[in-house]
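# Results of the structural survey
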Amino acid sequence: GQRLGEVLQTDRNQEAGELARRVRVSADERRGQLIAATLELMRRKGVQSVTMRAIAKEANAPLATAHYCFDDKSELMDAAAEAWLKNLNQFSRDISVQLGLRKAVEQVAEEYWRLLTDEPASLLGEIELILWATRNAAVSPLAAKIYPAYVVELGNIFSAAAENNGDRCLIDIATLVRSFLMIYDGAAVQYMTDPTATDYRAMFFALVDALLIKAGV
């Protein structure tokens, strides 16, 4: 009888552990759904549209669940931004680092411009997120993370490309990345205000070429 009781207790403990595991996975999945809903809502309607209620509705989740997963909007926005930054490494897989630094930078420029023209709403959402993080820097660590994440990701691409081809860059890689992003950000904002006003693409690539000449590649 004692042996049977021990077996039954073991079974109950295993069932309880399995139930706890399922609940935990479910909560993780729900967080993922809320984060994805936040990114999608920002893309469609902008950062100003993000409220806990709107995100819960977008994710088809009860409002109480959203508040259970995230304390407030700031925490949810931080999590969404972290997810967005983690997706940066998917971009690097499409860039060839075998043809040297100039080609790598030009490929990145081509891909960035394609994303701008194909999905301007997504880029606008990202810019709004950066501005939101900057405005809320006192309560959110996000603002200080965004551009360093780009420096790491693009820096890895550019460094590998230079090393593979034996290129010598006259500008340190981190400065090269930040200079490239300055050019792109300015071009992208102007393009989105009025895409037909001028040949923004030609101007963008002319400035990228000038940067590469300055870098000696």
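Scroll up for the structure.
An account of the accompanying structure is given in this report. Counting of residues starts from 1 at the beginning of each chain's written sequence and follows it residue by residue. In keeping with the predicted nature of the model, local features appear solely for residues at pLDDT of at least 70, side-chain atom pairs appear and are counted solely at 80 or more, and the whole-chain, interface and lining totals rest on all residues. Here the side-chain values reflect all heavy atoms present in the structure, with hydrogen atoms and water set aside.

Here, axes are lines fitted to C-alpha atoms. For helices the fit covers the stretch in contact, and angles between N-to-C directions go from 0 to 180 degrees. Secondary structure follows DSSP: runs of H or I at least 4 residues long count as helices, runs of E at least 2 residues long count as strands, and numbering of each begins at the N terminus. The interhelical angle for the contact between helix α9 (residues 173–193) and helix α10 (residues 200–214), taken along N-to-C directions, is 165°, at an axis separation of 10 Å. The angle between α9 and α10 falls in the class roughly antiparallel. In this structure, the crossing between α9 and α10 has a hand that is right-handed. Contacts between α9 and α10 involve Leu176, Ser179, Phe180, Ile183, Tyr184, Ala187, Gln190 and Tyr191 from the former and Tyr200, Phe204, Leu207, Val208 and Leu211 from the latter. Just so you know how the angles are binned, under 35 degrees is roughly parallel, over 145 roughly antiparallel, 65 to 115 roughly perpendicular, and the rest oblique. By convention, the crossing between two helices is left-handed when the near helix turns anticlockwise from the far helix through less than a right angle, and right-handed when the turn is clockwise. Between two residues, a contact is recorded if the distance between any of their heavy atoms is within 4.5 Å.

Bringing unusual backbone geometry into the picture now. The phi angle at Asn60 is positive, at roughly 55°, despite the residue not being glycine. The classification of residues rests on relative accessible area computed with a 1.4 Å probe and restricted to protein chains. Under 20% of the type maximum is buried, over 50% is exposed, and intermediate values are partly exposed. On the accessibility criterion, Asn60 (69% relative accessible area) is exposed.

Ranked by internal contacts, the top residues of the largest apolar core, which has 64 residues, are Leu34, Trp113, Leu154, Phe158, Phe180 and Phe204. At nine residues, the largest contribution of residues to this core is made by α9. If sequence neighbours within four positions are ignored, Phe180 has contacts with Val105, Val108, Ala109, Tyr112, Leu154, Phe204, Val208 and Leu211. Here, the term nonpolar core denotes a set of buried Ala, Val, Leu, Ile, Met, Phe, Trp, Tyr and Cys residues that are joined through side-chain atoms within 4.5 Å.

Turning next to the packing of aromatic side chains. Each Phe, Tyr or Trp ring (for Trp, its six-membered ring) is paired with any other whose centre lies within 6.5 Å, and the angle between the two planes then decides the class: stacked below 30 degrees, edge-to-face above 60, tilted in between. Scanning the entire structure with this criterion turns up ten aromatic pairs. Residues Tyr184 and Phe204 carry aromatic rings whose centres are separated by 5.8 Å and whose planes lie at 65° to one another, so their mutual orientation is edge-to-face. A residue pair is termed long-range when its members are at least 10 positions apart, and Tyr184 in helix α9 and Phe204 in helix α10 qualify at 20 residues. Accessibility assignment for this pair places Tyr184 and Phe204 in one class, buried. Each residue in the set Tyr112, Trp113, Phe158, Phe180, Tyr184, Tyr191, Tyr200, Phe204 and Phe205 is aromatic and connected to the rest through ring pairs, giving one cluster.

Basic side-chain nitrogens of Lys or Arg form a salt bridge, by our definition, when they fall within 4 Å of a carboxyl oxygen of Asp or Glu. The full count for this structure, using the stated rule, is eight salt bridges. Linking Arg43 and Glu40 is a salt bridge whose minimum nitrogen-to-oxygen distance equals 2.9 Å. Of the two residues, Arg43 and Glu40 are both situated in helix α1 (residues 2–45); the distance of three residues between them amounts to about one turn of the helix. Residue class for Glu40 comes out partly exposed when judged on its relative accessible area of 27%. What emerges from the salt-bridge pattern is a single network uniting Glu40, Arg43, Arg44 and Glu58.

Another point: the environment of Trp84. Tracing the backbone through its elements, the reader meets Trp84 in helix α4 (residues 73–86). By relative accessible area, which is 9% here, Trp84 ends up buried. As a C-alpha pair, Trp84 and Ala36 span 48 residues in sequence and 9.5 Å in three-dimensional space.

With that settled, consider the side chain of Thr38. Tracing the chain through its elements places Thr38 in helix α1. Its relative accessible area of 0% is what places Thr38 among the buried residues. Look past the residues within four positions of Thr38 in its chain and what remains in contact with it is Val50, Ile55, Leu76, Met77 and Ala80.

Take the number of residues in a helix, subtract one, and multiply by 1.5 Å to get its expected span. Taking 1.5 Å of rise per residue, the 15 residues of α10 would be expected to cover 21 Å, and the 21 Å separating its terminal C-alpha atoms lies within 8% of that figure. Restricting attention to buried positions, one finds in α10 the residues Tyr200, Phe204, Phe205, Val208, Leu211 and Leu212. Projection of α10 onto a plane perpendicular to its axis shows the buried side chains occupying an angular sector of 125°, all on one side. Set apart from the buried face of α10 by more than 90 degrees, the exposed residues are Ile213 and Lys214. Next to the buried residues of α10 lie α6 (101–118) and α9. Directly after α10, the chain includes Gly216, whose backbone phi takes a positive value near 80°. This arc describes the spread of directions from the helix axis toward the C-beta atoms.

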